[in-house]
Amino acid sequence: MSNDTLLMTMLFDFFGDLLTDRQREYYDLYYNEDLSLSEIAVKTGITRQGVHDVISRAENSLLEMEQKTGVVKRWQETRKELCRAEAIAWELLLLSKNNVESANLALKLLRIMEGLEG
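Residue numbers run consecutively from 1 along every chain, following the written order of its sequence. Local features in a predicted model are, by the rule used here, given only for residues with pLDDT of at least 70; side-chain atom pairs are given and counted only at 80 or more, and totals for whole chains, interfaces and linings are based on all residues. Excluded from the side-chain calculation are hydrogens and water; included are all heavy atoms of the structure.

### Quick word on the overall build of the protein chain
So, step 1. In DSSP terms, a helix is any run of H or I states spanning at least four residues, a strand is any run of E spanning at least two, and both are numbered starting from the N terminus. Summing up its helical and strand segments, the protein chain has six helices and zero strands in all.
So, step 2. Element order for the protein chain, N to C, with α for helix and β for strand: α-α-α-α-α-α.
So, step 3. Taken over the C-alpha atoms alone, the protein chain extends approximately 70 × 30 × 20 Å along its principal axes.
So, step 4. Across the protein chain, the mean location of the 14 positive side-chain charges is 4 Å away from that of the 20 negative side-chain charges. For the charge count, each Lys or Arg is scored as positive and each Asp or Glu as negative, with His and the chain ends excluded. To locate a charge, take NZ of a lysine, CZ of an arginine, CG of an aspartate or CD of a glutamate.

Written out as structure tokens, the structure is:
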């Protein structure tokens, strides 16, 4: 999956409910179901250009929402930092072999982070 496709899929996950029903349907068929514009056109009974226009408007709306809110960017940054914190907690667990209290705290921290990831 290309970075652009990944971004567009994430934008849809975060903001898809704000699109029109038609935009949401065509966008989902294109990005999540991996149908071509022609396949969507046949399925929906409109022209390929019509499908392209609906998807383009949806993409522009989603990109504009991200530009205004920065939600996806913040989510990606938070996830990256959570991975770093998890690596440190594992390192702490390995270093605390002889200290039960430290090992328990590291395990507790790992369980908390696991809950945040899920």
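### Side note on the nonpolar core
So, step 1. Within this scheme, the nonpolar core is defined by two criteria: the residues are buried Ala, Val, Leu, Ile, Met, Phe, Trp, Tyr or Cys, and they are joined through side-chain atoms within 4.5 Å. Categorising residues by exposure relies on relative accessible area from a 1.4 Å probe, with only protein chains included: less than 20% of the type maximum marks a residue as buried, more than 50% marks it as exposed, and the intermediate range marks it as partly exposed. Of all hydrophobic cores here, the largest spans 20 residues; its most connected members are Tyr27, Val51, Ile55 and Leu62.
So, step 2. Counting only elements with at least two residues in this core, the list comes to helix 1 (3-15), helix 2 (21-32), helix 3 (37-44) and helix 4 (48-69).
So, step 3. It is helix 4 that contributes the most residues to this core, six residues altogether.
So, step 4. In this structure, Leu93, Ala106, Leu110 and Met113 belong to the second largest nonpolar core, which totals seven residues.

### Description of the packing of aromatic side chains
For any pair of aromatic rings, the description rests on two quantities: the centre-to-centre distance and the angle between the ring planes.
So, step 1. For Phe, Tyr and Trp, rings pair up if their centres lie within 6.5 Å, where Trp contributes its six-membered ring, and each pair is then called stacked (planes under 30 degrees apart), edge-to-face (over 60) or tilted (otherwise). As enumerated under the stated definition, the model contains five aromatic pairs in all.
So, step 2. Here Phe12 and Tyr27 contribute two aromatic rings whose centre-to-centre distance is 5.0 Å and whose plane-to-plane angle is 20 degrees, an arrangement assigned as stacked. Pair noted here: Phe12 is in helix 1 and Tyr27 is in helix 2, with a separation of 15 residues, a long-range link. Neither residue differs from the other here; Phe12 and Tyr27 are each classed as buried.
So, step 3. With a centroid separation of 6.4 Å and an interplanar angle of 50 degrees, the aromatic rings of Phe14 and Phe15 are classed as tilted.

### Topic: the packing of helix 1 against helix 5 (residues 71-95)
Angle between the axes and distance between the axes: these two values describe a pair of packed helices.
So, step 1. To obtain an axis, a line is fitted to C-alpha atoms, over the contacting stretch when the element is a helix, and the angle between two such axes runs from 0 to 180 degrees between their N-to-C directions. Remark: helix 1 packs on helix 5, axes separated minimally by 10 Å, with the N-to-C direction vectors making an angle of 105 degrees. By the angle between their directions, the pair helix 1 and helix 5 is classed as roughly perpendicular. For the pair helix 1 and helix 5, the contacting residues are Leu7, Met10, Leu11, Phe14 and Phe15 in the first and Val71, Val72, Trp75 and Gln76 in the second.
So, step 2. Throughout, the ten residues Ala, Val, Leu, Ile, Met, Phe, Trp, Tyr, Cys and Pro are labelled nonpolar, Asp, Glu, Lys and Arg are labelled charged, and all others, Gly among them, are labelled polar. In terms of residue class, the contact of helix 1 with helix 5 is built from eight nonpolar, one polar and no charged. If an angle is under 35 degrees, it is roughly parallel; if it is over 145, roughly antiparallel; if it lies from 65 to 115, roughly perpendicular; otherwise it is oblique. Any two residues having at least one pair of non-hydrogen atoms within 4.5 Å are treated as being in contact.

### Quick word on helix 5
So, step 1. Each residue after the first adds 1.5 Å to the expected span of a helix. Taking 1.5 Å per residue as the helical rise, helix 5 with its 25 residues ought to reach 36 Å, and the 36 Å between its terminal C-alpha atoms agrees with that figure.
So, step 2. Every buried residue of helix 5 is accounted for by Val72, Leu82, Ala89 and Leu93.

### Considerations on the packing of helix 1 against helix 2
So, step 1. Remark: helix 1 packs on helix 2, axes separated minimally by 11 Å, with the N-to-C direction vectors making an angle of 145 degrees. Considering the relative orientation of helix 1 and helix 2, their crossing is left-handed. Note on element contacts: helix 2 touches helix 1 through Arg24, Tyr27, Asp28, Tyr31 and Asn32, opposite Thr5, Met8, Thr9 and Phe12.
So, step 2. Considering only residue class, the contact of helix 1 with helix 2 consists of four nonpolar, three polar and two charged. Crossing handedness is defined as follows: a turn of the near helix away from the far one that is anticlockwise and smaller than a right angle gives a left-handed crossing, while the clockwise case is right-handed.

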